[in-house]
Amino acid sequence: HSITAKFDDGSIEEHDSSLLAMGTESMTAMCRTVGYPTAATTDLILRGQLQGRRGLVLPISKDIYKPTLEMMTMEGIVFQERVRVTMDRHNNAAQV
């Protein structure tokens, strides 16, 4: 995904994040990218680390997404992140 932010000082930040996952002979990429996050979240639930939450819980809080991303990294599934900062052309500034 790509996100662009423009700031009052004329700077523009472009954040790009991508994931490339390959399957193996024993496990598809879909299985890995869906199964591992599910397993990580299930582990959090079984360890009692998500107590007090009910219903559908989105993984937007650090206590959920951080351990999930750590487990995915251990399994070789990582996002490639790129951040580019430039100045608005109307400000006549060069790329940073």
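Residues numbered from 1 in each chain as written. Predicted model: local features only at pLDDT ≥ 70, side-chain atom pairs only at ≥ 80, totals over all residues. Heavy atoms only, no water.

**Student:** Quick one: what's the story with the side chain of Asp 16, residue by residue and with numbers?
**Tutor:** Looking at the secondary structure, you find Asp 16 in strand 2 (residues 11-19). At 2.4 Å, the side chain of Asp 16 forms a polar contact with the side chain of Ser 2. Among residues more than four places away in sequence, those in contact with Asp 16 are His 1, Ser 2, Gln 80, Glu 81 and Arg 82. (Helix = DSSP H or I, 4+ residues; strand = E, 2+ residues; numbered from the N terminus. Polar contact = N/O pair within 3.5 Å; in protein donor to acceptor, adjacent residues only side chain to side chain. Contact = heavy atoms within 4.5 Å.)

**Student:** Describe the packing of helix 1 (residues 29-46) against helix 2 (residues 62-74), and please don't skip the residues or the numbers.
**Tutor:** The contact between helix 1 and helix 2 brings their axes to 9 Å, and the two run at 130°. The angle between helix 1 and helix 2 places the two elements in the oblique class. Of the two elements, helix 1 crosses helix 2, and the hand of that crossing is right-handed. Contact residues: Tyr 36, Pro 37, Ala 39, Ala 40, Thr 41 and Leu 44 in helix 1; Asp 63, Ile 64, Pro 67, Thr 68, Met 71 and Met 72 in helix 2. For the contact of helix 1 with helix 2, the residue count by class is nine nonpolar, two polar and one charged. (Axes fitted to C-alpha atoms, helices over the stretch in contact; angles between N-to-C directions. Parallel < 35°, antiparallel > 145°, perpendicular 65-115°, else oblique. Left-handed = near helix turned anticlockwise from the far one by under 90°. Nonpolar A, V, L, I, M, F, W, Y, C, P; charged D, E, K, R; others polar.)

**Student:** Please give an account of the environment of Ser 11 that cites residues and values.
**Tutor:** With respect to the helices and strands, the residue Ser 11 is situated in strand 2. A C-alpha to C-alpha distance of 4.3 Å links Ser 11 and Met 87, two positions 76 residues apart in sequence. When neighbours within four sequence positions are excluded, Ser 11 is seen to be in contact with Ala 5, Lys 6, Val 85, Thr 86 and Met 87. A polar atom in the side chain of Ser 11 sits 2.6 Å from the side chain of Asp 9.

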